[in-house]
Amino acid sequence: MSVWRHFADSDAGYLFSLSDSLRIAEAKYPDLLVPVADGTLIIASDYSGQHKAATHEAYAFLVTTDRTLRAWLPLLQEFRERWLPDSRRISFKKLNEPVRWRALPAFLNTVGKLNGNLITILVDKRVGSFVQGGPDAAIKSLPDCFPEGCNLGTAEKMLRLASFVALLVSGLRREEQASNWVSDHDEALDSHDKRERFARLATYFCFGLTGWRNPADHLFCTTESPTAPYWSEDVAAIADLAAGAYCQLGGNLPSFFGVESWTAGISSANVENERARVIGDWLARGRLELKHVLLRLEQNVEGDVRSSAQTFLSNFKSFIPGNLGIF
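Residues numbered from 1 in each chain as written. Predicted model: local features only at pLDDT ≥ 70, side-chain atom pairs only at ≥ 80, totals over all residues. Heavy atoms only, no water.

Caption draft 1: Highlighting the overall build of the protein. The secondary structure content of the protein amounts to 8 helices and 9 strands. Since a compact globule built from 327 residues should have a radius of gyration of about 20 Å, the 19 Å found for the protein is in line with a globular shape. Seen through its principal axes, the protein has C-alpha atoms that stretch 50 × 50 × 40 Å. Of all 327 residues assigned to the protein, the portion counted as buried reaches 56%. (Helix = DSSP H or I, 4+ residues; strand = E, 2+ residues; numbered from the N terminus. Rg over C-alpha atoms; globule rule 2.2 N^0.38 Å. Buried < 20%, exposed > 50% of the residue type's maximum accessible area, 1.4 Å probe, protein only.)

Caption draft 2: Representation of the packing of aromatic side chains in the model. Under the definition given, this model contains 8 aromatic pairs. The interplanar angle of 20° and the centroid separation of 4.5 Å between the aromatic rings of Trp 181 and Phe 220 together place this pair among those described as stacked. Of this pair, Trp 181 sits in strand β4 (residues 179-183) while Phe 220 sits in strand β5 (residues 218-222), and the two are 39 residues apart along the sequence. We classify Trp 181 as buried; its relative accessible area is 3%. On the numbers, 6.0 Å between centres and 45° between planes, the contact of Phe 198 with Phe 220 is tilted. Of this pair, Phe 198 sits in helix α6 (residues 192-210) while Phe 220 sits in strand β5, and the two are 22 residues apart along the sequence. Classification of Phe 220 as partly exposed rests on a relative accessible area of 22%. Counting every residue linked through ring pairs, the aromatic cluster contains Tyr 14, Tyr 47, Tyr 59, Phe 130 and Phe 164. (Phe/Tyr/Trp six-rings, centres within 6.5 Å; stacked < 30°, edge-to-face > 60°.)

Caption draft 3: Region of interest: the nonpolar core. Phe 61, Phe 146, Leu 161, Phe 164 and Leu 295 are the most contacted members of the largest nonpolar core, which totals 53 residues. Once residues lying within four places of it in the same chain are set aside, the contact partners of Phe 164 are Leu 15, Leu 18, Tyr 59, Phe 61, Ile 121, Val 123 and Phe 130. If you look at the next biggest cluster of nonpolar residues, it comprises 50 residues, including Trp 72, Leu 241, Ala 243 and Trp 282. (Core = buried A, V, L, I, M, F, W, Y, C linked by side-chain atoms within 4.5 Å. Contact = heavy atoms within 4.5 Å.)

Caption draft 4: Structural view of the layout of surface pockets. Volume-wise, the largest pocket comes out at about 510 Å³. Lining the largest pocket are 25 residues, with Tyr 47, Ser 48, Gly 49, Lys 93 and Asp 240 sitting closest to its centre. Of all the elements in the fold, those that place two or more residues in the lining of the largest pocket are β1 (41-48) and α7 (232-249). In terms of residue count, the dominant contributor to the lining of the largest pocket is α7 (4 residues). In terms of residue class, the lining of the largest pocket is made up of 5 nonpolar, 9 polar and 11 charged. Quantified by volume, the second largest pocket comes out at close to 380 Å³. Taken together, 16 residues line the second largest pocket, and the ones lying closest to its centre are Asp 11, Ala 12, Phe 130, Val 131 and Phe 205. (1 Å grid on protein atoms, 1.4 Å probe; cavity = no way out; pocket = protein on both sides within 12 Å on 5 of 7 lines; lining within 4 Å. Points joined across faces, edges and corners; volume = space filled by probe spheres on them. Nonpolar A, V, L, I, M, F, W, Y, C, P; charged D, E, K, R; others polar.)

Caption draft 5: The arrangement of empty space enclosed by the protein in detail. Applying the stated rule across the entire model yields 2 cavities of 30 Å³ or more. Of the volumes computed, that of the second largest cavity is approximately 50 Å³. Taken together, Phe 107, Leu 108, Val 111, Leu 118, Ile 238, Leu 241, Ala 242, Ile 279, Trp 282 and Leu 283 make up the lining of the second largest cavity. For the lining of the second largest cavity, the secondary structure elements donating two or more residues are α3 (98-111), α7 and α8 (274-284). Of the residues contributing to the lining of the second largest cavity, the split by class is 10 nonpolar, no polar and no charged.

Next comes the structure, spelled out in structure tokens:
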């Protein structure tokens, strides 16, 4: 039985294309995702690639359940006591610091034992706005969702993030299933007003994709919120590592082959960023309880935006699957 619930509304644009890519990939590889329907859905997210030099933006989401997370937290505590007893956070950007770098393999080994789905969405920066007319039109049509004076870059970030949260909720959650989302604290969510307006925007998008009339609660906080769970920074760090690594790996991974599904061989020897190479090697080894999928929106040489869903095979040098659907 499929874990991913694909929605059939092609008017959803990029979201439809990404969902369809994942549907096709899962049909070919039925164990691509694990079910997350037993208990409260837990989502933790982080982002990368917002700086000017980056060629891609990455939005990473760890999706599991509260029951699964509670069973895994003792392993996290063991890691903390041995490797980072001073409470410093694992961060892709800070892995050049010796203590964090030495702790990384043990952290990845611990993370690999968490049953859940790590879904990263990599967006070519040449891809245009996620809404027709761009963020300016969205601000004008949805004034209750954007703070007064919101700049266009922040508005577009809010649009993309709300779109991706709606995509994951609609594809993995049940209507009667409660969910909690913990996000990294960034410019799109750095004030109470922004968070309230963003929650409204994400609700609109979720309803547009699902049509749910009586959904269970979807609670939301950032890692800096006083109400954030004690484990929030460590769980969000999983998404942070994926987002940072995939931003660096983007140029080394396949994009289009002109067919619906494909398999391509790659080598980590061509990855210059050592942090990304270590994380990519870990993902490629397989045998992880944590499933991982890369959803990608990439502009080809003709300027068309195409989507794919990809993952690593257990054979380290192989990288797979995905739909090469054209948006």
